[in-house]
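Close look at the chain arrangement
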Amino acid sequence: MTDELKRTLGVSDAVVVGLGAMVGAGVFAAFAPAAAAAGGALLGALAVAALVAYCNADSSARLAARYPASGGTYVYGRERLGPFWGYLAGWGFVIGKTASCAAMALTVGAYVWPGQEHAVAVAAVVAVTAAGYGGVQKSARIARLIVAAVLSVLAAVVVVCLSSGAAAPERLGGPDWTVFGLLQGAGLLFFAFAGYARITTLGEEVRDPERTIPRAVPIALGIALLVYAAVAVALLSVLGVEALAGSSAPLADAVRAAGAAELAPVVRVGAALAALGSLLALVLGVSRTVLAMARDGHLPRALAAVHPRHQVPHHAELAVGAVVAVLAATADLRGAIGFSSFGVLAYYAIANASAWTLDSGVKGRAVAAVGLSGCVVLACALPLASVVAGAAVLALGAATYRVRGRLRSGI
């Protein structure tokens with residue numbers, strides 16, 4: 001029996017896992033609250049979110065090539081900045097992304113069976129956990145099918161909207177916006193970009209990670225940016241900022257406004273599939289970070305077990321699935337996006353600080369500096385409730401680390 005994971009993922013598999021996490025429910029849900037915050041500067045907010053995401057992706061890819069182990073920034077922070085910063089990154093990631101898992105499961109429920117969201121959400125968590133238990137290669141194949149279906153739906157929405165008589169280019173922007181609103185919108189849109197971390201957290205299961213990860217991350221991020229930009233232009237051109245900000249299902253409303261109401265059920269199916277793909281990728285990423293933290297004793301060591309046949313962290317996956325199922329049965333969908341964004345921005349701030357310490361020249365340090373400052377600014381610009389809750393959770397994690405350290409040293 002080995003405690004190491006099997007390297008089975010190539011470049012295309014890693015790209016698909018990242019896209020499955022990014023081109024997920026965020027593209028169906030994040031544009032409305034971002035439009036409410038950014039106003040006429042929604043496309044500018046998307047550009048800012050993409051810039052910060054690029055810097056984070058570049059830093060993460062360089063670190064993953066140097067440290068190709070499961071755990072992502074938990075490992076990078078530990079190796080480059082010290083155990084406390086690695087622990088804090090892992091804490092923020094696990095807590096924030098566990099909330100994201102519940103949000104994705106509830107999104108599946110909302111589109112599949114309105115009124116029975118919680119029951120469907122729990123069933124989705126069980127199904128995704130079972131798929132992950134069967135091996136990461138199986139999960140990658142499922143993600144490939146989901147990504148293909150979702151991209152087809154999004155392409156249909158963009159074509160229908162932009163080719164309709166309802167499209168008007170003057171709706172793409174407007175004078176009603178502020179700098180703070182733009183930054184808050186960017187912070188909310190960052191929720192939809194954060195999925196490329198799944199590639200780095202799966203570093204121990206990637207073949208030739210020194211080459212594969214630096215190639216897969218920018219490819220996945222670039223495809224996601226093109227998709228988001230096309231969808232944003234389509235939504236704005238048909239709905240305008242005000243109608244988009246007030247919509248609970250903007251893509252479905254957009255195809256109706258474009259005169260293609262018959263496409264709305266297809267959009268609903270695409271949204272459910274997208275959320276399911278995001279949930280699958282999220283559970284994979286969170287369970288691998290739990291595995292890394294358990295190996296170092298920050299979580300129960302039983303969670304570090306690797307299945308002898310499937311070679312997956314089965315105890316970690318089952319534990320994550322159980323917690324997410326409980327949250328999916330009880331939590332509220334709307335509160336998860338801002339909270340998750342704060343935790344993930346803190347996670348990437350530590351990633352950029354870690355990348356700064358690499359001997360990567362002026363360009364690498366400049367990218368890390370922009371990424372670090374961008375993460376801090378966007379995190380602080382999020383809605384106040386999200387900032388307070390996120391900061392409280394990070395403080396709780398830091399206090400727990402200090403108490404455990406004192407108990408271990410006998411003080």
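The model shown is predicted, which means the values in this text are computed figures rather than measured ones. (Residues numbered from 1 in each chain as written. Predicted model: local features only at pLDDT ≥ 70, side-chain atom pairs only at ≥ 80, totals over all residues. Heavy atoms only, no water.)

Here we look at the overall build of the chain
The secondary structure content of the chain amounts to 17 helices and 0 strands. Taken over C-alpha atoms, the radius of gyration comes to 20 Å for the chain, in line with the 22 Å a tight globule of 411 residues would show. C-alpha extents for the chain along the principal axes are approximately 70 × 45 × 40 Å. With 411 residues in all, the chain has 58% of them scored as buried. Residue pairs in contact within the chain that sit at least 24 positions apart in sequence constitute 83% of those at least 6 positions apart. When the accessible surface of the chain is summed, it comes to about 15300 Å², and 67% of that surface belongs to carbon and sulfur atoms. Side chains of the chain give 28 positive and 19 negative charges; the mean places of these two sets differ by 7 Å. (Helix = DSSP H or I, 4+ residues; strand = E, 2+ residues; numbered from the N terminus. Rg over C-alpha atoms; globule rule 2.2 N^0.38 Å. Buried < 20%, exposed > 50% of the residue type's maximum accessible area, 1.4 Å probe, protein only. Contact = heavy atoms within 4.5 Å. Areas by Shrake-Rupley, 256 points an atom, 1.4 Å probe, with all protein chains shown as cover. Lys, Arg positive; Asp, Glu negative; His and termini not counted. Charge placed at Lys NZ, Arg CZ, Asp CG, Glu CD.)

Observations regarding the nonpolar core
By size, the foremost hydrophobic cluster in this structure holds 139 residues, and its most contacted members are F28, F31, L154, L189, Y228, V231 and L279. Among the elements that take part in this core, helix α11 (residues 209-245) stands out by supplying 17 residues, more than any other. Ignoring anything within four residues of it in the chain, the contact list for Y228 reads M22, V23, V27, F31, L46, A192 and F193. (Core = buried A, V, L, I, M, F, W, Y, C linked by side-chain atoms within 4.5 Å.)

Quick notes on the packing of helix α13 (residues 264-295) against helix α14 (residues 314-330)
Put simply, α13 and α14 touch, their axes get as near as 8 Å, and they point 125° apart. As far as their axial angle goes, α14 and α13 are oblique. Regarding α13 and α14, the two cross each other, and that crossing is right-handed. On the side of α13, the interface is formed by L284, V286, S287, R288, V290 and L291, while α14 contributes A316, E317 and V320. Each residue belonging to the contact of α13 with α14 can be placed in one class, and the counts come to 6 nonpolar, 1 polar and 2 charged. (Axes fitted to C-alpha atoms, helices over the stretch in contact; angles between N-to-C directions. Parallel < 35°, antiparallel > 145°, perpendicular 65-115°, else oblique. Left-handed = near helix turned anticlockwise from the far one by under 90°. Nonpolar A, V, L, I, M, F, W, Y, C, P; charged D, E, K, R; others polar.)

Quick notes on the pattern of salt bridges
Applying the stated rule across the entire model yields 5 salt bridges. One salt bridge connects D58 with R62, and the closest N-O pair in it is separated by 3.0 Å. In this pair, D58 and R62 are both assigned in helix α4 (residues 42-66), 4 residues apart and thus about one turn of the helix distant. D253 serves as the salt-bridge partner of R256, at 3.1 Å between the closest nitrogen and oxygen. Here the residue R256 and the residue D253 both occupy positions in helix α12 (residues 250-257), the gap between them amounting to 3 residues, near one helical turn. Overall, the relative accessible area of 44% leaves R256 in the partly exposed class. Residues participating in the shared-partner salt-bridge network are R78, E79 and D296. (Salt bridge = Lys/Arg side-chain N within 4 Å of Asp/Glu carboxyl O.)

Here we look at the environment of I213
Mapped onto the elements of the fold, I213 is located in helix α11. Sequence-wise, I213 and S60 are 153 residues apart; in three dimensions their C-alpha atoms are separated by 9.1 Å.

Things to note about the state of the cysteines
Summed over the entire model, instances satisfying the criterion amount to 0 disulfides. Between C101, a free cysteine, and C375, which holds the nearest cysteine sulfur, the sulfur-to-sulfur gap is 20 Å. (Disulfide = S-S within 2.5 Å.)

Comments concerning the packing of aromatic side chains
Per the counting criterion, the structure on display carries 8 aromatic pairs. Centre to centre, the rings of F84 and Y401 are 5.3 Å apart; their planes meet at 65°, and the pair counts as edge-to-face. Separated by 317 residues along the polypeptide, F84 in helix α6 (residues 83-112) and Y401 in helix α17 (residues 384-409) bring together distant segments of the chain. Between Y87 and W91 the ring centres are 6.0 Å apart and the planes differ by 35°, which places this aromatic pair in the tilted class. You can see Y87 and its partner W91 sitting in helix α6, 4 residues apart, about one turn around the helix. (Phe/Tyr/Trp six-rings, centres within 6.5 Å; stacked < 30°, edge-to-face > 60°.)

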